[in-house]
Structures are given as structure tokens and as C-alpha cells.
Amino acid sequence: MRWGLSPSADLVYRSLNALGGPTLEQLAVSLEWPVRDVREALEELHDVGGCHPARGPVRRWKAAEPGVVADALRRRHHRLAVAGHALRRQLTRLEGFAVEEGDLSAALGTTIRPLFGDTRRTRLKELVVAERCEYLAMNPEPAFDHQAVKTAAPLDRLLCERGQAFSLGVPPTVEDRSGGLTQELITLGMQYRELPELPAKLVIIDRATALTPINPGDPRQGFWEITTPEVVHRLLDLYMRRWRQGIAPRKRWTPPMTLTPRERAVLSLLAEGFTDDTVAAHLGLSRRTIAYTVAELMERYGARNRFQLGLYLSDLNAGTADADLDPLTEPEPELKPMHKHKDKEDS
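Everything numeric in this text was worked out from a predicted model, so none of it was measured.

### Overview of the overall build of the chain
Along the backbone of the chain there are 13 helices and 9 strands. Buried residues in the chain amount to 41% of all 347 residues. Sequence separation of 24 or more characterises 70% of the internal contacts of the chain that already satisfy a separation of 6 or more. As displayed, the chain has an accessible area near 19,300 Å², and 53% of this comes from carbon and sulfur atoms.

### Regarding the sheet that holds strand β4 (residues 134-138)
Spatially, β3-β9-β8-β7-β4-β5-β6 is the arrangement adopted by the 7 strands of the open sheet, whose pairing is mixed. This sheet does not close on itself; its edge strands, each paired only once, are β3 (112-115) and β6 (191-194). Pairs of neighbouring strands in the sheet enclose a mean axial angle of 15°, with direction left out of account. In this fold helix α4 (residues 66-92) packs onto β3, β8 (209-213) and β9 (223-226), with an angle of close to 70° to the strand it touches most, β9.

### Details of the pairing of strand β5 (residues 164-169)
Within a regular strand, side chains alternate between the sheet's two faces. Within β5, 6 of the 6 residues are buried, leaving the element largely enclosed by the surrounding structure. Both faces of β5 are covered, namely the face carrying Gln164, Phe166 and Leu168 and the face carrying Ala165, Ser167 and Gly169. Of the strand pairs in this sheet, β4 and β5 are connected by 5 bridges, and their pairing is parallel. Its bridge partner lying in β5, Glu134 is registered against Gln164. The parallel pair β4 and β5 is bridged by helix α7 (residues 146-162), and the resulting crossover is right-handed. As paired strands, β5 and β6 are joined by 4 bridges and run parallel to one another. The residue of β6 that forms the bridge with Gly169 is Glu194.

### With respect to the pattern of salt bridges
Summed over all chains, the structure comprises 11 salt bridges. Residues Arg14 and Asp10 are paired through a salt bridge, measuring 2.6 Å at the closest nitrogen-oxygen approach. Taken together, the residues Arg14 and Asp10, both in helix α1 (residues 7-19) and 4 residues apart, mark about one turn of the helix. With relative accessibility at 15%, the residue Asp10 sits in the buried group. Arg300 serves as the salt-bridge partner of Glu296, at 3.7 Å between the closest nitrogen and oxygen. Of this pair, Glu296 and Arg300 both sit in helix α12 (residues 287-301), 4 residues apart, roughly one helical turn.

### What to know about the packing of α1 against helix α3 (residues 35-47)
Relative orientation and spacing of two packed helices are given, respectively, by the angle between their axes and the distance between those axes. Taken N-terminus to C-terminus, the directions of α1 and α3 make an angle of 85°; their axes are 9 Å apart at the nearest point. Here α3 runs roughly perpendicular to α1, going by the angle between their axes. Two secondary-structure elements touch here, α1 through Ser8, Ala9, Val12, Tyr13 and Leu16 and α3 through Ala41, Leu42, Glu44 and Leu45. Its residues placed into classes, the contact of α1 with α3 shows 7 nonpolar, 1 polar and 1 charged.

### Quick notes on the environment of Val279
Considering the arrangement of structural elements, one finds Val279 in helix α11 (residues 276-283). Residue class for Val279 comes out buried when judged on its relative accessible area of 0%. For the pair Val279 and Arg177, spaced 102 residues apart in the sequence, the C-alpha separation amounts to 9.3 Å. Not counting the four nearest positions on each side in its chain, Val279 is found in contact with Val266, Leu269, Leu270, Phe274 and Ile290.

Criteria and thresholds
Residues numbered from 1 in each chain as written. Predicted model: local features only at pLDDT ≥ 70, side-chain atom pairs only at ≥ 80, totals over all residues. Heavy atoms only, no water. Helix = DSSP H or I, 4+ residues; strand = E, 2+ residues; numbered from the N terminus. Buried < 20%, exposed > 50% of the residue type's maximum accessible area, 1.4 Å probe, protein only. Contact = heavy atoms within 4.5 Å. Areas by Shrake-Rupley, 256 points an atom, 1.4 Å probe, with all protein chains shown as cover. Pairing = 2+ DSSP bridges. Axes fitted to C-alpha atoms, helices over the stretch in contact; angles between N-to-C directions. Right-handed = clockwise from strand over helix to strand, strands pointing away. Salt bridge = Lys/Arg side-chain N within 4 Å of Asp/Glu carboxyl O. Parallel < 35°, antiparallel > 145°, perpendicular 65-115°, else oblique. Nonpolar A, V, L, I, M, F, W, Y, C, P; charged D, E, K, R; others polar.

What follows is the structure in C-alpha cells.
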């Protein structure tokens, strides 16, 4: 733990050595922990080379040699010390963001801590489900691949269900596969704007927690979780300045609100000229699901072909078109005052 391993991962590592290759379930029984907690500890260990699955019909976990693990943790500890200095330089470059070296050093390990591997996504989900109601994201990447979209989709949908979601992006390139998911999230209530370029990848939750990459050039290396109030406040100011400068992409044809979010996302992409295969790739669905969705809509509205379906839905949408403000001229969206909302499980 002196080198940055969590108490949970430390205990699981010792148990692996004592039990000699247990399964996940055997570890959970031995420690009297939920399987989920054991799995997260194993993921943390695996990220530093502290354990690996043994070959065989049953998935068992083997611990690496203690000396190997200690050396790996020492090297990571050194990299984090260097990354801490890099974080200060990174923050300072963000539009005159001033951070004192001593203040930042004191915060590292307390209100600024690293998240590696799957720990970042697990932690983000924890933050989202804990009665959170505001999510601000800044994404400077011009393209996301299919796997990234598929991984992000469940949590992104949960974010929109839990409260307010705002996203700042850059104009996508032709390689981008996130257009369908973005359109779906907009129908679920997310507000989206774009700028030609953005200074950093950043997530701010409830104006209290910020996440930014340890290495801006490669987010896969891990993220900083920042809860230092002064730093989060300045990052929030940065985000809001960029949000006010952002422009919502001009709306294309939008299917009627009477359709489900999936139906609207499918039809929006088809209207832009995408094939069934590319729509399926954008939304993380099968081609058969896309075909069934369109066929069901054709039957519902009595259309003999897709062209006729498009004409019918355009006429249906025309009745509300005048009330639909152009995003380039609509009023500035206001971030509502923070408030608690009742968890669904407790209601």
C-alpha cells in the first residue's frame, strides 16, 4: 500500500498467495466480500501485473512474485510523481490556470488521486449513481471508434436518465462512429455544442469532482480524480467559458418526438444517407435490428417503402416545425441550481 496499491487490492493479493490459485467466487467466499468488490481489486492488481488468470477450464487467479509486484509499483509511483509535475504544467496551460507547486503536491494522494484501467469507469459509475444530477464533458477527440462507443453507451444513457448532461466536442471526422449515440443522447435530453478545438479532455460531476487524463495524449494510461475545491472551481470556470463560445450543430431533419429514442436515432442516420450497416455500427446494434426497426415503422404508418415512410414522417413533423427553435438562435441554456433528487430505488 505504501506504493499506491489500495487496501482491497493488497488484501486480495495476500489471499491469492495464501489460497494458491482460487477462482473469483472462492476469493469472495474466503474474504466474505461481494463478488463485485473482489473483481475490482483483481482488475487493479492485473493492471500493475500483480496477478493473471491461469490457463485451464476454470478461470483461476495466480499472484505474481512479490518482488515483481513491488518493482512495478515503485516504477508506477515514480511515474506518478513525474505526472504530478506534468499535471501542474497541463493545468497552467489551460487559459492562465494558476496552481501553486506546493498546493498541488500537498493535494496529490488526498484530493487528487490516480485512476488506472477499468477503475476509472467503475469510479465514474459510482459518482453518477450516487444521487448525481449534473455532468459536464469536454471531448477534444475528433473521432471515436466502434469499441469506444459500445463501451461508453450504457453509462452515457444512465447519465442522461439521472440528471442534466452537457457535452462539448469538436467537429467529427469521417472516421468517427459516435454520431448515432450522440443523436440518441440528445433525444434523451443531453445538450451538445462544438468548437473547432478544445484544450483538454475533462469531466466535471456535480461541480465537485473533475476527471482529466494523466497523459493528455493517451487517456488509456489513466485519469486524475480531482476533488480539490479550488482546482475544480477553476476547471468549472474554464468549461463554462468554452460552453458559452460553443455552437450547437445546425439541425438536420429530426424525426417526430412520438418515436422512441432508438427509432429517432435510426431514422436520423438513415436520412443523412447512412446504410443499414453503418447505422448498426454507429448505434452498436445488429443490422437485423435496424431492418426490423424500419419494417415495424413502415407497418405502423402504412408505408410501402422507406421513401414513403420518410415523406409521411416529414409531414407529421411539419406541424411542430414552427415551434422548434434553430439551435444557433435558441437562448443560452442555463445550468440549473444544484439540487438533490431522489434515487429511483428509494422512491
